[in-house]
Amino acid sequence: MKKKVLVTATNYSRLCAGAKALLEKEGFEVIENTFGRPMTFEELKDKVGDVYGVVAGVDTWNEDVFKLAPNLKVIGRFGIGVDNIDLEAAKKYGIKVMNARAINSDSVAECTVGLILAVLRNLVNLDKSTRAGKWERYVGYTIRGKKIGLVGFGAIAQYTAKILGAFETEIFAYDVYPNHAAAKKLGVTMTDLDTIIKQSDIITLHVPCTPETTKLFSKKEFEMMKASAVIINVARGPVIDENALYDALKTHKIAGAGIDVYEVEPAAAANPLFELDNVVCLPHSAAETYETYEAVGMATAQAILDVMNGRDPINWLNK
Ligand SMILES: NC(=O)C1=CN([C@@H]2O[C@H](COP(=O)(O)OP(=O)(O)OC[C@H]3O[C@@H](n4cnc5c(N)ncnc54)[C@H](O)[C@@H]3O)[C@@H](O)[C@H]2O)C=CC1
Ligand SMILES: O=C(O)C(=O)COP(=O)(O)O
């Protein structure tokens with residue numbers, strides 16, 4: 001009987017045809033998520049009994065699921081954040097978990113800069129207004145000369161710094177494990193979080209979602225920021241207290257925001273942030289380019305093949 005791979009990331013056949021073909025060539029049967037959204041426990045429960053590998057989207061992978069998956073040996077996270085996977089429980093069940101770190105960083109970094117431009121230059125408001133035949137002027141701000149504060153200085157932040165270097169900005173970064181060599185190479189000054197919050201014109205978030213980073217930006221932090229500052233969240237929704245962000249934007253304690261991720265996803269149409277015109281909102285799509293899908297698909301497929309062949313997968317997170 002063929003070994004099975006369950007893919008819960010959506011749109012796999014369409015966007016990762018090469019990866020799917022590779023798995024099939026190596027003898028796997030590939031079962032795909034047909035729901036078009038993350039799968040629930042009830043849906044996973046019926047599928048995981050005989051799977052060997054998983055290409056995981058953002059569904060929850062915890063002991064309740066692992067208990068039902070005696071043949072599961074490897075989870076390839078179709079992305080970077082692993083806040084949806086209990087790494088320790090996976091280890092207990094002998095399941096190797098890898099992620100696509102440094103494989104989708106360019107797309108996320110490009111989108112970060114896109115959000116900065118969209119917010120500073122009012123691109124979305126200008127588009128709406130132009131289409132409405134109003135021919136209005138919204139005066140914006142240049143990126144050049146601004147102080148940028150990167151919170152978290154891993155793969156995505158470093159790529160963001162590389163791109164922003166071309167805008168002649170002053171870039172600061174904060175990280176619990178500061179990478180001084182990368183900072184030096186990219187002309188970035190490592191500093192503390194308070195300095196970033198108080199001095200930055202543009203703050204971009206690039207930390208994983210952990211107990212330490214949950215609500216890292218809340219009422220107090222928004223009050224410390226410059227009234228002219230903007231914040232971009234392409235990390236994880238819970239890193240920002242969304243109610244506090246809404247209040248800060250509504251009362252102009254800060255000038256604007258670019259938001260790709262939300263405390264609750266999919267974000268409901270009634271999310272209060274959507275009423276405000278000083279925020280640009282995306283549906284968790286910062287990583288989504290054709291090139292990235294292809295590369296992440298191949299990396300996760302390769303990880304499954306590596307485990308099958310007794311080799312360590314790249315980016316093995318729960319050794
Ligand atoms: N919006 C989207 O579609 C995407 C979002 N992400 C999110 O971005 C995050 C970062 O991705 P990468 O840069 O590739 O990860 P990375 O692992 O290369 O970098 C994360 C950095 O955050 C630092 N960090 C961890 N806890 C911290 C804390 N409490 N305070 C300060 N720094 C801390 C780490 O030391 C590390 O240098 C991911 O964990 C994921 O949640 C990633 C890809 C796509
Ligand atoms: O790589 C990540 O962590 C991401 O957030 C990518 O998003 P997705 O896996 O496409 O929901």
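Residues numbered from 1 in each chain as written. Chains lettered and ligands numbered in written order. Predicted model: local features only at pLDDT ≥ 70, side-chain atom pairs only at ≥ 80, totals over all residues. Heavy atoms only, no water.

As recorded in an unreviewed UniProt entry, the protein goes by the name D-3-phosphoglycerate dehydrogenase, listed as coming from Ruminiclostridium cellobioparum subsp. termitidis CT1112. The Sequence similarities (unreviewed entry) comment attached to the protein in UniProt states, word for word, "Belongs to the D-isomer specific 2-hydroxyacid dehydrogenase family." (UniProt positions renumbered as here; feature names shortened; annotations may be inferred.)

Now for the pattern of salt bridges. Taken as a whole and judged by the stated rule, the model has 15 salt bridges. Between Asp 201 and Lys 226 there is a salt bridge, and its shortest N-O distance comes to 2.9 Å. Separated by 25 residues along the polypeptide, Asp 201 in the loop between helix H10 (193–199) and strand E9 (202–205) and Lys 226 in the loop between helix H11 (219–224) and strand E10 (230–233) bring together distant segments of the chain. Assessed through its relative accessible area of 15%, Asp 201 is described here as buried. Here Lys 226 falls in the partly exposed class, since its relative accessible area comes to 30%. Sharing partners across several salt bridges, the network here consists of Lys 20, Glu 24 and Glu 32. (Salt bridge = Lys/Arg side-chain N within 4 Å of Asp/Glu carboxyl O. Helix = DSSP H or I, 4+ residues; strand = E, 2+ residues; numbered from the N terminus. Buried < 20%, exposed > 50% of the residue type's maximum accessible area, 1.4 Å probe, protein only.)

We now examine the confidence of the model for the protein. Across the protein, the average pLDDT comes to 97, with 100% of residues at 70 or higher. Here the complex is predicted with pTM 0.96, and the ipTM for its interfaces comes to 0.97. (pLDDT = per-residue confidence, 0-100.)

In this section: the UniProt feature "domain: D-isomer specific 2-hydroxyacid dehydrogenase catalytic" (unreviewed entry) in the protein. In the numbering adopted here, UniProt assigns the feature "domain: D-isomer specific 2-hydroxyacid dehydrogenase catalytic" (unreviewed entry) to residues 14–318. Between the end C-alpha atoms of residues 14–318 there is a gap of 30 Å, over a span that is 36% helix and 15% strand.

The next subject is the site of ligand 2. With respect to spatial proximity, the complete set of residues near ligand 2 consists of Val 58, Arg 77, Phe 78, Gly 79, Ile 80, Gly 81, Asn 104, Arg 236, His 284 and Glu 288. Take Arg 77: an N or O atom from its side chain is 2.9 Å from an oxygen atom of ligand 2. Between ligand 2 and Arg 236, the relevant distance is 2.7 Å, taken from an oxygen atom to a side-chain nitrogen or oxygen of the residue. Residue composition of the shell around ligand 2, by class: 3 nonpolar, 4 polar and 3 charged. (Near = heavy atom within 4 Å. Polar contact = N/O pair within 3.5 Å; in protein donor to acceptor, adjacent residues only side chain to side chain. Nonpolar A, V, L, I, M, F, W, Y, C, P; charged D, E, K, R; others polar.)

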